[in-house]
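Coordinate inspection notes
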Amino acid sequence: MIGRIHGTLVLANPPEILVDAHGVGYEISVPMSTLYELPPPGQTVTLWTHLVVREDAQLLYGFLTESERTAFRAMIRVSGIGPRMALAVLSGLSVDDLSRAVAEQETGRLTRVPGVGKKTAERLLLELKGKLALASSGIQINDQALFSSGDDILRALLALGYSEKESNAAIAKLPEGVNVNDGIRQALKLLVRAG
């Protein structure tokens, strides 16, 4: 499996790009969200990748963030959703928007993506429920993002199996400026009482 590629961007011909890595040119299909963030040709680029092997082809898909790749992988596991449809969804929605749509079971956001009908949107929302909660906490390559304690508390609660909706409701009730450890403890008490 090719998990990551670092090389020189040779050309961008949407939705495909060509990246030269140590003398080998890789044709990679990318969502528009990644395409818009790429440097100009001739500059260095690093992409998280996913390789799809079929009888007639080996196709490589690339993403600027690990969270995009995680969302892509979750989508192509859904019955009837192929890599092209998954790329279309990621081209039309950010991972955070997709995660929010799944958490709130909101078909309207997905049906705005070209090629996604109501039934497809409903199937995606149903089968992705609980699988994208952690996707939005993925770390961007070369990103030195500092997360607030609220983000850390949310990730901890999601990892413990609570939904994004109930986790956010508990976090909203926490006192301002609470540290991560105390915040997790207090949020868990609130969630246990609510359950």
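Since this is a predicted model, take the numbers as computed values, not measurements. (Residues numbered from 1 in each chain as written. Predicted model: local features only at pLDDT ≥ 70, side-chain atom pairs only at ≥ 80, totals over all residues. Heavy atoms only, no water.)

1. Regarding the nonpolar core
- In terms of nonpolar packing, the biggest core is built from 26 residues, with Met75, Val89, Leu98, Leu110, Leu124 and Leu128 touching the most fellow members.
- Secondary structure elements with two or more residues in this core: β5 (58-63), α2 (66-76), α3 (83-92), α4 (95-104) and α6 (118-128).
- Looking at this core, you find at least three residues from each of domain 1 (4-63) and domain 2 (66-128).
- Grouped together as the second largest cluster of nonpolar side chains are 13 residues, Leu9, Val19, Leu35 and Leu51 included. (Core = buried A, V, L, I, M, F, W, Y, C linked by side-chain atoms within 4.5 Å. Buried < 20%, exposed > 50% of the residue type's maximum accessible area, 1.4 Å probe, protein only. Helix = DSSP H or I, 4+ residues; strand = E, 2+ residues; numbered from the N terminus. Domains from an automatic or database assignment.)

2. Some thoughts on the environment of Gly92
- The topology assignment puts Gly92 in helix α3.
- With 59 residues separating them in the primary sequence, Gly92 and Ser33 have C-alpha atoms 7.9 Å apart.

3. Some remarks on the packing of aromatic side chains
- For the coordinates displayed, the defined rule picks out 2 aromatic pairs.
- Aromatic pair Tyr61 and Phe72: ring centres 5.2 Å apart, planes at 35°, arrangement tilted. With Tyr61 in strand β5 and Phe72 in helix α2, the pair connects residues that are 11 residues apart, well separated along the chain. Accessibility assignment for this pair places Tyr61 and Phe72 in one class, buried. (Phe/Tyr/Trp six-rings, centres within 6.5 Å; stacked < 30°, edge-to-face > 60°.)

4. Focus on the packing of α2 against α3
- Where α2 meets α3, the closest approach of the two axes is 9 Å, and the angle between their N-to-C directions is 135°. As the angle between them shows, α2 and α3 are arranged oblique. The way α2 lies across α3 gives a crossing that is right-handed. For the pair formed by α2 and α3, the contact residues are Glu68, Ala71, Phe72, Met75 and Ile76 on the first element and Pro83, Ala86, Leu87, Val89 and Leu90 on the second.
- Residue classes in the contact of α2 with α3 are distributed as 9 nonpolar, no polar and 1 charged. (Axes fitted to C-alpha atoms, helices over the stretch in contact; angles between N-to-C directions. Parallel < 35°, antiparallel > 145°, perpendicular 65-115°, else oblique. Left-handed = near helix turned anticlockwise from the far one by under 90°. Contact = heavy atoms within 4.5 Å. Nonpolar A, V, L, I, M, F, W, Y, C, P; charged D, E, K, R; others polar.)

5. A look at the pattern of salt bridges
- The tally for this structure, following the rule as stated, stands at 7 salt bridges.
- Put simply, Asp56 and Arg54 hold a salt bridge, and the shortest N to O gap is 3.3 Å.
- Among the residues examined, Asp56 registers a relative accessible area of 62% and is labelled exposed.
- Look at Arg54 and you get partly exposed, because its relative accessible area is 45%.
- Arg69 is paired through a salt bridge with Glu66; the nearest N and O atoms lie 3.7 Å apart. Remark: Glu66 and Arg69 occur in helix α2; sequence separation between them is 3 residues, near one turn of the helix. (Salt bridge = Lys/Arg side-chain N within 4 Å of Asp/Glu carboxyl O.)

6. A short note on the pairing of strand β1 (residues 4-13)
- As paired strands, β1 and strand β4 (residues 44-53) are joined by 5 bridges and run antiparallel to one another. In the strand pairing of β4, Thr8 is matched with Thr44.
- As judged from the 5 bridges shared by β1 and strand β2 (residues 16-21), these two strands associate in the antiparallel manner. Bridge assignment links Ala12 to a residue of β2, and that residue is Ile17. (Pairing = 2+ DSSP bridges.)

7. Regarding the UniProt feature "domain: Helix-hairpin-helix DNA-binding motif class" (unreviewed entry) in the protein
- UniProt tags residues 73-92 and 108-127 as "domain: Helix-hairpin-helix DNA-binding motif class" (unreviewed entry).
- A helix fraction of 70% and a strand fraction of 0% characterise residues 73-92, whose end C-alpha atoms lie 17 Å from each other. (UniProt positions renumbered as here; feature names shortened; annotations may be inferred.)

8. Side note on the pairing of strand β3 (residues 24-29)
- Relative to β3, β2 runs antiparallel, the two being bridged by 6 bridges. Each bridged residue has a counterpart across the sheet, and for Ala21 the counterpart in β3 is Val24.
- Counting the residues in the hairpin turn of β2 and β3 gives 2 residues, including His22, whose phi is positive at 55°.
- Alignment of β3 against β5, held across 2 bridges, turns out to be parallel. Following the sheet pairing, Ser29 is matched in β5 by Tyr61.

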